[in-house]
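# Reading the structure
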Amino acid sequence: MKPQPIRGTRDIFGEDMRSFQHVVNTARSIGLRFGFEEIATPIIEFTQTFKRTLGDTSDIVSKEMYSFEDRGGEGITLRPEFTAGVARAFISGGMTQNLPCKLFSTGPLFRYERPQKGRYRQFHQVNFELMGPKEVEADIEVISLAAMLLDALGIASKTELELNSLGDDESRAAYRDALVAYLSKYKNDLSEDSKQRLERNPMRILDSKDETDKKITADAPTLDEYYNDTTKAFFADLQNGLTALGIRYRINPKLVRGLDYYCHTAFEFTTQDLGSQNAVLAGGRYDKLIGMMGGTETPAVGFGGGIERMALLLDTIPAAPRPIASVHIGEEAEREAQKLAYHLRSEGFTIDIAYNGNPGKRMKRANKINAIATLILGEDELKSGSVTVKQMDLGTEEKVATGTLLDWLGRV
Ligand code: HAM
């Protein structure tokens, strides 16, 4: 039996890696334009960092975390998301003094989910957190960053922005009471998961995939009926701001998100092209999280985008860079070719040396790797201090003096 990767994890290489890198590089460069600085937090954190913040009844905390006790007896968890870790870093690093604080992160995350297309147990996100502003301008800016990213990747037309407001504490408390009163009438028919949530986190029932739950919640009161004036004004300003930027959205009153820390803005860019894994990029406002974790209360808003899902939506796989192939004929030429390759690489060129095979085979390899040019170095060339350069697309060959080669290649 060949050794296999763990279920839900995969090796990323070749075309997959190029698509993956394209998503990360695009996100990083767009983030820079919005003033985001990169932060790399540890992959492991104390379990408490996630447990309290994401919510005990969330799927992530109740079923999906990779948690273990380390040799020192500490409860440790592989990060299932970025927000709690970045908020922890914001507090530990004393960044509270320097607001607004805009942090970009990328890397692996771990959730013990049922693997399928676009859903893995080790997956990757590009993640943006904007901490400091309570103003709706921050929500607009963060959503516009997400929209610009999807646009730059050429996948915006395959996605739709779904938007909701989870309201402030007062609106949510009023709604919670109304929802519990309604759902209690159907208590015996609810799924086991939903029964559990009825007391602890009834809003999560709206997100249930269970068919009976769905029928019951279809007629449940909706949060918007309980918005107070502050919530209404904030949500209206958000919509006006997005409209002014030409960003289209659909209001989805059922969008509650699977994590407990959100208030006001909740959003997801969804797609029809990935089967049941329809969320490509998702986030919202989380004004209470940093205070709850022991920091000075600091409002914040952000989102995480699934790299694998964005990569799957790309229309074209970014091409591999075209190298220059080096083909030498004879032992003496081999040493010269190594020297030349070293020199050209130090000047920034990508050089591929075939290690073995006759010159014919080496030329074949140059074709196979899609070389832009091939440098041929044999006895004749050595004698005359030159290199034969074959331009692969044109099929033309030309002898070039070694001293002028750099100049010549710069023009190819
Ligand atoms: P999330 O909705 O849990 O939010 O994840 C964000 C995105 O990560 C999803 O929309 C999806 O594209 C991707 N994703 C999630 N789980 C998987 C998986 N198992 N396999 C592949 N891709 C997946 C958060 O993580 C929040 N921390 C986002 C946020 C940042 N909110 C505020 N700031």
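Everything below is about the structure printed above this text.
As the structure is a prediction and not an experimental result, all values here were calculated from the model.

A few words now on the packing of aromatic side chains. Scanning the entire structure with this criterion turns up 12 aromatic pairs. When the centroid spacing of 5.2 Å and the interplanar angle of 50° are considered together, the rings of Tyr182 and Tyr186 count as tilted. On the accessibility criterion, Tyr182 (11% relative accessible area) is buried. Ring geometry for Phe267 versus Phe269: centroids 6.3 Å apart, planes at 90°, classification edge-to-face. No difference in accessibility class separates Phe267 from Phe269, as the two residues are buried. Through a chain of ring-to-ring contacts, the aromatic side chains of Phe36, Phe104, Phe128, Phe267, Phe269 and Phe303 assemble into a single cluster.

With that settled, the discussion passes to the site of the ligand. Close contacts around the ligand come from 27 residues, with Glu81, Thr83, Glu113, Tyr120 and Tyr262 the closest. Residue Arg111 places a side-chain N or O atom 2.9 Å away from an oxygen atom belonging to the ligand. A distance of 3.3 Å is found between an oxygen atom of the ligand and a backbone nitrogen or oxygen belonging to Gly306. Compared with its free state, where it exposes 660 Å², the ligand has 96% of that area covered by protein. Looking at the shell around the ligand, the elements that each hand over two or more residues are strand E6 (122-131), strand E10 (279-285) and strand E11 (300-306). Per-element tally for the shell around the ligand: the top contributor is E10, with six residues.

Further remarks concern helix H2 (residues 47-54). Those residues of H2 that fall on the buried side of the exposure criterion are Thr47, Thr49, Phe50, Thr53 and Leu54. Contacts made by the buried residues of H2 are with strand E2 (44-46), helix H3 (59-64), strand E3 (66-69), strand E4 (75-78), helix H4 (83-92) and helix H10 (289-292). At the C-terminal side of H2, Gly55 shows a positive phi close to 105°.

The mixed open sheet is built from eight strands, whose spatial order is E1-E5-E6-E11-E10-E9-E7-E8. The outermost strands of the open sheet, each flanked by one partner alone, are strand E1 (37-38) and strand E8 (250-251). Where H4 meets the sheet, it contacts strand E5 (101-110) and E6, and its direction lies at approximately 45° from that of E6.

When you line up the elements, Leu274 lands in the loop between strand E9 (263-271) and E10. Residue classification places Leu274 among the buried positions, given a relative accessible area of 4%. C-alpha of Leu274 to C-alpha of Arg309: the two residues are 35 residues apart in sequence and 7.7 Å apart in space. In this structure Leu274 touches Lys117, Arg309, Leu312 and Leu313, once residues within four positions along its chain are discounted.

Here we come to the side chain of Thr47. You can see Thr47 is positioned in helix H2. Sequence-distant contacts of Thr47, defined by excluding residues within four places in its chain, comprise Met65, Ser67, Gly75, Ile76 and Thr77.

Turning next to the sheet that holds E4. Taken in spatial order, the three strands make up an open sheet running E2-E4-E3, and their pairing is antiparallel. The open sheet has two edge strands, E2 and E3, and neither has a second partner. Within this sheet the neighbouring strands show an average axis-to-axis angle of 35°, counted without direction. Pairing analysis gives four bridges linking E3 to E4, with the strands arranged antiparallel. Paired with Glu69 across the bridge in E4 is Gly75. Along the sheet, H2 contacts E2, E3 and E4; its crossing angle with E2, the most-contacted strand, is approximately 70°.

To continue, consider the pattern of salt bridges. As enumerated under the stated definition, the model contains 23 salt bridges in all. Of the charged contacts in the structure, one is a salt bridge between Arg250 and Glu160, with a shortest N-O distance of 3.0 Å. Placement of Arg250 in strand E8 and of Glu160 in strand E7 (residues 159-165) is noted, with a sequence separation of 90 residues between them. The class of Glu160 is partly exposed, set by a relative accessible area of 31%. With a shortest N-O distance of 3.0 Å, Arg172 and Asp169 are connected by a salt bridge. Here Arg172 pairs with Asp169, and both are found in helix H6 (residues 169-184), just three residues apart, close to one helical turn. Salt bridges sharing common partners tie together Asp59, Lys63, Asp193, Arg197, Arg204 and Asp207.

Reading the values: the criteria
- For every chain, the first residue of the written sequence is number 1, and numbering continues from 1 onward in sequence order.
- Where totals are concerned, whole chains, interfaces and linings use all residues; where local detail is concerned, this predicted model gives features only for residues with pLDDT of at least 70, and gives and counts side-chain atom pairs only at 80 or more.
- Side-chain measures were taken over the full set of non-hydrogen atoms in the model, leaving aside hydrogen atoms and water.
- In summary, the pairing rule links any two rings of Phe, Tyr or Trp, Trp by its six-membered ring, whose centres are within 6.5 Å, and it sorts them by plane angle into stacked for under 30 degrees, edge-to-face for over 60 and tilted for everything else.
- Three labels apply to residues, based on accessible area from a 1.4 Å probe with only protein chains included: buried if under 20% of the type maximum, exposed if over 50%, partly exposed otherwise in between.
- Proximity is defined per residue: any heavy atom of the residue falling within 4 Å of a molecule or strand makes that residue near it.
- We call two N or O atoms a polar contact when they sit within 3.5 Å, provided that within protein one can donate a hydrogen and the other can accept it, with sequence-adjacent residues counted only if both atoms are side-chain atoms.
- All accessibility values rest on the Shrake-Rupley procedure with a 1.4 Å probe; residue burial counts only the protein chains present in the view.
- Secondary structure elements are defined from DSSP: runs of H or I of at least 4 residues count as helices, runs of E of at least 2 residues count as strands, and each element is numbered from the N terminus.
- Any two residues whose heavy atoms approach within 4.5 Å are treated as being in contact.
- Strand pairing is defined by DSSP finding a minimum of two bridges between the two strands.
- What counts as an axis is a line fitted to C-alpha atoms, over the stretch in contact for a helix, and the angles between N-to-C directions run from 0 to 180 degrees.
- By convention in these notes, a salt bridge is any Lys or Arg side-chain nitrogen within 4 Å of a carboxyl oxygen on Asp or Glu.

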